[in-house]
Number of protein chains: 2
Amino acid sequence: MPKCAITFQPSGRKIEVDRDENILEAAIAAGIHVNASCGGSGTCGKCKVKIVRGKTRSPQNPKLPKREFDRRYRLACITSCLSDLEVEIPIESQVDPSVLRLKREGRNLLSPRDIDQLVEGWEIDPAVFKRYVELNPPSLDDNVSDLPRLINALYKKYGIRGISTDFRVIMKLSRLLREADWKVTVTLVLTRKGYKLINVEPRNMVCENYSIVIDLGTTTVFGQLLNLNKAEVCGFPDGMGTFTLAEASDYNAQISYGEDVISRIVYSQRRGGLKKLQEVIISTINGIIENLLQMSGIRRDLISHLVIAGNTTMTHLFLGLDPKYIREDPYVPTANFIPPVRAVHLRVNLGDHVHTYIFPMVASYMGGDIVSGILGSGIFQREALTLYMDIGTNGEIVLGNKDWLISASCSAGPAFEGAGIKFGTRATRGAVERVNINPRTLEPMLLTIGRAKPIGICGTGLIDTVAELFQGGIIDQNGKFSRELDTDRVREGDDGYEYVLAWKEETGIKEDIVLTEIDIENLIRTKAAIYAGCKILLDSVGLGFQDVDQFIIAGGFGHYIDLDKAIFIGLLPEMETRKYLFVGNGSLLGARLLSFSKDLLRETERIAHMMTNLELSNNPSFMSEFVAAMFLPHTDASAFPGVSGRLHEYQKAKAAYAS
Amino acid sequence: MPKCAITFQPSGRKIEVDRDENILEAAIAAGIHVNASCGGSGTCGKCKVKIVRGKTRSPQNPKLPKREFDRRYRLACITSCLSDLEVEIPIESQVDPSVLRLKREGRNLLSPRDIDQLVEGWEIDPAVFKRYVELNPPSLDDNVSDLPRLINALYKKYGIRGISTDFRVIMKLSRLLREADWKVTVTLVLTRKGYKLINVEPRNMVCENYSIVIDLGTTTVFGQLLNLNKAEVCGFPDGMGTFTLAEASDYNAQISYGEDVISRIVYSQRRGGLKKLQEVIISTINGIIENLLQMSGIRRDLISHLVIAGNTTMTHLFLGLDPKYIREDPYVPTANFIPPVRAVHLRVNLGDHVHTYIFPMVASYMGGDIVSGILGSGIFQREALTLYMDIGTNGEIVLGNKDWLISASCSAGPAFEGAGIKFGTRATRGAVERVNINPRTLEPMLLTIGRAKPIGICGTGLIDTVAELFQGGIIDQNGKFSRELDTDRVREGDDGYEYVLAWKEETGIKEDIVLTEIDIENLIRTKAAIYAGCKILLDSVGLGFQDVDQFIIAGGFGHYIDLDKAIFIGLLPEMETRKYLFVGNGSLLGARLLSFSKDLLRETERIAHMMTNLELSNNPSFMSEFVAAMFLPHTDASAFPGVSGRLHEYQKAKAAYAS
């Protein structure tokens, strides 16, 4: 079967597919989001792409105007490839309309290239790098041994001193040098104690240096394959301007053993439990690596570095370290700084020279993923007082700037991932992600992921629903349902009062999908913990929300949040919209940068050392702040003047309408 | 079966045996030499020992005077143990009479304690050491992670900074700290780049720190188990004053694949050859380790360090490094400095925290065994100009003092190990080791090892025989037999002229044992190479033998050499006897010291860097010096005035007798 290589722009991701493959399916396989709400039937017209280069077969279609067709636009779902292609995904096809809407509302969404520039002044100068040398062959007059000959040549040519050598390199060195006619490329890694020679390859391979970075999440694992070569020396791979050659993700296979870190730790204490959990996360990572290699077409042995950023528990489980004491008072992890571990020792399927850099951790509930986020978002460089929040399965908050950093983890609970919510679900196909409730009829308008029949409510849908219920006066500031409404949407169910989002005949699960008072209480508890956490951090340094110059929201979930609604329910503090910045996966962000720059590797260690973690469970003020925040938006109305104003206006309008 | 522990003094070696075990057999099992030429029948009376402590059963025997019996002397071969014993081996039973005779002749033989004092100013302060700490358990107010808690405590208590940590320690740390109630002993190792934490044990184990040092010879492998604990802190083990708790040796099992390094390298190039050679040497080492552990009664997990000193080829084979290029012009080894390798990675059967220190090498034919010898003999500390020679399967020579060192390897060939000699043999039971030839009758008087029937001639016997033949005028200065002698001992055999050392009915092999002219030529070639090597080294710095302050002879073989006879044939230069020092196994000597002292570990690296190796095969003067030395004792008679004088006197006496 003939193959076509498709390169998607602007991400630069590449995939090889069979000739005649559908471009939408190729995009999905490459992990690229293209809108397509009709499921590929050519009826919604949303999956418009531009064929920059190459031959396709595609019918004309009423959803695509002739002038666009002539300019090489096509509907991806009805287009198949006939040659290698370069396909540009226009901005309106790239992301969800809901996100676009937020963007129009002034939200700060950054392009992939912009996002790497949150950190200033770095250049591609990776901690794991290659250098080419040609050695003088030994002679009777110059019979220095092979290894010192190589080390001396590296010093003479590149001025690199104090190189220590991995024993595996020594094992193969003599034969390789001679077979390569004394022309070789070495791979060096910067360690805390100088440079280490980890690999020697024949020929000049300096422009073949790649890394894989992994965000090791409790729920989801993301990976990227990065090009570590300087464009000015090596050119751009296939003429592209991106460093990311492939991207892949998967659920963390440990999910079967528990949704959150606590249940994983509990499982790890069973006989064989720790080993099992390590095995499955490694297999998830190996799966992602396979995908990355396949998509990028990069040979496995050209990957020089593996970088892992994860929370403390995930990091322990990945390494096979017993996480038992993480959840036992006084919550002490085994270690914060882990020396580089060979990938092969962990059974990660990469070359045996590859060292795994583990992002340093700060505390049991302040892990390498957050340190990575602080690195990637550039807070550590700036004067500006910044709040950094990562909302995922857990919620971590960091406050500070270039001089100091304090952090706290609020055991928010995974409500946003669907846990503790009767019809809660992760953000998968069919999950309700946007909700509007008509203030008069109290009827909802739902948007689901993939525009499929609803199967549950994901995090953004949950925030939307509660905000709409609250704004509509359907629930009060305590999150309790009004008993006096003229609608069959609000009713008393098995778990007390509830709101029916979808009737069973409309759903994909043949059940009414409802949001209960208990669900709402869980959400309020979660948002209260997050808000109280931010407040306590600020209090601890004598500052308030008004002093914050920037609020960075990380986490895939954060990306899709409706900022207005999040503020409306008091999940986020009321601040000028421009102060909010959404960076997406913060953990991956820092891991990328660390991979590119040895200076940033050093900064990472400094950040981890600089972060002071407050243990909230030990903080007497936290409980009172938490209780104060158990209200919509907050018991202190003065902290939310805008929300109070809107509520007031809305009640006036409602009263006018009723009268 | 009840057991008795027998401690032999002065070596302090200990062995556990069944009750009623014969003491001579116990001594043999413990690797202790006790004279016993009658094979244990109680008839030679040579195996006299003193029972210092404990109960034995032993008949009186005519060979043991009553007054000695009353003073608790016994013949070991007819004495059995009834309780734990302390047995002292008197000096006359300890070593061969031949060696004693040499000692009486003013030869410098050193006691084990003296020998460690060749190097001055060191104290027990090993590079691998243990420290005990009691940690404050973590609390909510002090929830530093486990590893930094331990590292901080080590800094506070001992001022040790910059400790890096082995991942295997991190793996077990959390559980171990808690199970040990936060009272633990750490094992630290000094590396080139600071300290590394390699083990943590519960409780205070600081006085349980041991090492094993191995001399990895081409023919024989020696091992010692050493007590690394300071006597003033830990007391002497079992009240002894020695650091050596056990000693064991075995033939290098690679012998089956070739006698010398070249044939081993050739074998390593076969399919699977390298792997096989590595396997067998590791199994030899593991066997020795088993013996050492058993003899000393030290638990395997208490061994903290393994030190290996071997020649370059043996070191390569031990590590599984391809030695191919060692024997190919320009004779380049893979590396001189090998980073520490985990013992378990080499399948050496020790705890998985044990790092193997590999003595650095200087060149393809100047290995870690010689660097170790230079360390152990203290040359690197002294002003005195010293020649150091190690005569084993190869012959290596080093010249220098504390400021400079030059070295050369003379491919002497393994004549002293029996190779190239028709009835040559290693120094095993039945090997002829001492020879006297009656100047009138030309009849020989032989002494064999173990006083058994002769089976061949070992190195010392070879030197003796040639010296006696030469002195007796049976061979001339070219090593050729006189054709005019009235004896059936000299005859023409299959390989030309030969001297019959033993008639077949007297031997253990039912053949006449002879020394042929070809044998003699091989010996002369060997001694010429060694002498010429020394000469070239001296020449290269503009010095002569008269400038040498000390000549140190290392190697097990050197130990038993008859100095007079070695000078007589021109193997060794004619110098005052007091300048010669015999240190025995030089390789083991340095390995011991390195194990005891981190300062000496640093000195080792300095020594290896300081040594300049001359490649003799590349040296135009070497061949002419070699040819000049192919004569008994040398073509330059003025270099051997004493020998010339003796020859002259002897010829006069003979002429007088004949007339």
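Residues numbered from 1 in each chain as written. Chains lettered and ligands numbered in written order. Predicted model: local features only at pLDDT ≥ 70, side-chain atom pairs only at ≥ 80, totals over all residues.

This next bit is on the overall build of chain A. When helices and strands are counted, chain A shows 20 helices and 29 strands. Taking 2.2 N^0.38 as the reference for a compact globule, 659 residues should give roughly 26 Å; the C-alpha atoms of chain A span a radius of gyration of 27 Å, in line with that estimate. Principal-axis analysis of the C-alpha atoms places the extent of chain A at approximately 105 × 65 × 50 Å. Counting all 659 residues of chain A, 51% fall into the buried class. Counted over contacts in chain A with a minimum sequence separation of 6, partners at least 24 positions apart contribute 69%. (Helix = DSSP H or I, 4+ residues; strand = E, 2+ residues; numbered from the N terminus. Rg over C-alpha atoms; globule rule 2.2 N^0.38 Å. Buried ≥ 20, exposed ≤ 12 C-beta atoms within 10 Å, placed from the backbone. Contact = placed C-beta atoms within 7 Å.)

Attention now moves to the relation of the copies chain A and chain B. Overlay of chain A on chain B (RMSD 0.1 Å): rotation 180°, translation along the axis 0.0 Å. Within this description, the copies of the chain are treated as partners about a two-fold rotation axis. Across chain A, the smallest distance between a C-alpha and the rotation axis is recorded for lysine 193 of chain A, namely 3.2 Å. Looking at chain A, 100% of its interface residues are interface residues in chain B too, so the copies touch through the same face. (Least-squares fit on C-alpha atoms with pLDDT ≥ 70 in both.)

Let us now look at the interface of chain A and chain B. Each partner contributes residues to the interface: chain A has 36 residues there, and chain B has 37 residues. Every element with two or more residues in the side of chain A that touches chain B is listed here: helix 6 (146-158), strand 9 (163-165) and helix 7 (167-179) of chain A. Take the side of chain A that touches chain B: its biggest share by element is six residues, from helix 7 of chain A. Tallied by class, the residues present in the side of chain A that touches chain B amount to 18 nonpolar, 11 polar and seven charged. (Nonpolar A, V, L, I, M, F, W, Y, C, P; charged D, E, K, R; others polar.)

Either a parallel or an antiparallel arrangement is found when strands of a sheet pair, and the pairing is made through backbone hydrogen bonds. All names here are of chain B. Taken in spatial order, the four strands make up an open sheet running 8-10-11-9, and their pairing is mixed. Of all the strands in the sheet, just strand 8 (128-134) and strand 9 (163-165) have a single pairing partner and so form its edges. On average, adjacent strands in this sheet sit at an angle of 40° to one another, irrespective of strand direction. Against the sheet, helix 7 (residues 167-179) makes contact with strand 9, strand 10 (183-191) and strand 11 (194-202), and its axis sits at roughly 45° relative to strand 11, the strand it touches most. (Pairing = 2+ DSSP bridges. Axes fitted to C-alpha atoms, helices over the stretch in contact; angles between N-to-C directions.)

With that settled, the discussion passes to the pairing of strand 10 of chain B. Residues and elements named next belong to chain B. Taken together, the seven bridges between strand 8 and strand 10 define a ladder with antiparallel strand orientation. Bridged to phenylalanine 129 within strand 10 is leucine 188. When strand 10 meets strand 11, the two strands line up antiparallel, connected through eight bridges. Residue pairing for strand 11: valine 186 is matched across the bridge by valine 200. Between strand 10 and strand 11, which pair antiparallel in sequence order, lie two residues.

With respect to the helices and strands, the residue glutamate 576 of chain A is situated in the loop between helix 16 (563-568) and strand 28 (580-584). Note on glutamate 576 of chain A: 8 C-beta atoms within 10 Å, which makes it exposed.

So, on to the packing of helix 9 (residues 261-268) of chain B against helix 10 (residues 273-296) of chain B. All names here are of chain B. One way to put it is that helix 9 packs onto helix 10 with a least axis distance of 7 Å and a crossing angle of 125°. Put simply, helix 9 runs oblique to helix 10. Residue-level inspection shows Arg264, Tyr267 and Ser268 of helix 9 in contact with helix 10, the latter providing Gly273, Leu274 and Leu277. Grouping the amino acids of the contact of helix 9 with helix 10 by side-chain chemistry returns three nonpolar, two polar and one charged. (Parallel < 35°, antiparallel > 145°, perpendicular 65-115°, else oblique.)

Residues and elements named next belong to chain B. Within the open sheet, the six strands sit side by side as 28-27-18-19-20-29. Their pairing is mixed. Of all the strands in the sheet, just strand 28 (580-584) and strand 29 (611-614) have a single pairing partner and so form its edges. Ignoring strand direction, the axes of neighbouring strands in this sheet form an average angle of 20°. Bridging between strand 18 (residues 386-391) and strand 27 (residues 550-554) involves five bridges; their strand directions are parallel. Looking across to strand 27, one finds that leucine 387 is bridged to phenylalanine 551. Here helix 14 (residues 517-540) sits on the sheet and contacts strand 18, strand 19 (395-400), strand 20 (405-410) and strand 29; the angle it forms with strand 20, its principal contact strand, is near 155°.

Moving on to the environment of isoleucine 370 of chain A. Assignment of secondary structure puts isoleucine 370 of chain A in helix 12 (residues 368-377). Each C-alpha atom of the pair isoleucine 370 of chain A and isoleucine 463 of chain A lies 24 Å from the other, and the pair is 93 residues apart in sequence.

So, about the pairing of strand 18 of chain B. One face of the sheet, then the other: side chains in a regular strand alternate in exactly this way. Residue and element names in this part refer to chain B. Most of strand 18 is tucked away: six of the six residues are buried. Residues Thr386, Tyr388 and Asp390 of strand 18 are buried on one face, and the alternating residues Leu387, Met389 and Ile391, pointing to the opposite face, are buried as well. Bridge count between strand 18 and strand 19: six bridges; the pairing is antiparallel. Of the residues in strand 19, the one forming a bridge with leucine 387 is leucine 399.

Between the first and last C-alpha of helix 10 of chain B there are 35 Å, a value that for 24 residues agrees with the 34 Å anticipated at 1.5 Å per step. Backbone geometry just downstream of helix 10 of chain B places glycine 297 of chain B in the positive-phi region, at approximately 70°. (Expected span 1.5 Å × (residues − 1).)

Now for the confidence of the model for chain A. All names here are of chain A. Per-residue pLDDT for chain A has a mean of 87; in total, 91% of the residues score no lower than 70. Note on residues 95-108: pLDDT under 50 across the span, and 21 contacts to partners over four residues away in sequence or across chains. In the predicted assembly, ipTM is 0.74 and pTM is 0.76. (pLDDT = per-residue confidence, 0-100.)

Right, let's talk about unusual backbone geometry for a bit. With an omega of 5°, the peptide bond running from aspartate 329 of chain A to proline 330 of chain A counts as cis. Tracing the chain through its elements places proline 330 of chain A in the loop between helix 11 (312-319) and strand 16 (341-342). Cis geometry marks the peptide bond from leucine 632 of chain B to proline 633 of chain B, where omega comes out at -15°. Tracing the backbone through its elements, the reader meets proline 633 of chain B in the loop between helix 19 (620-628) and helix 20 (641-658). Phi at aspartate 20 of chain B is positive, roughly 75°, even though this residue is not glycine. For leucine 442 of chain B, which is not glycine, the phi dihedral falls at a positive 65°.

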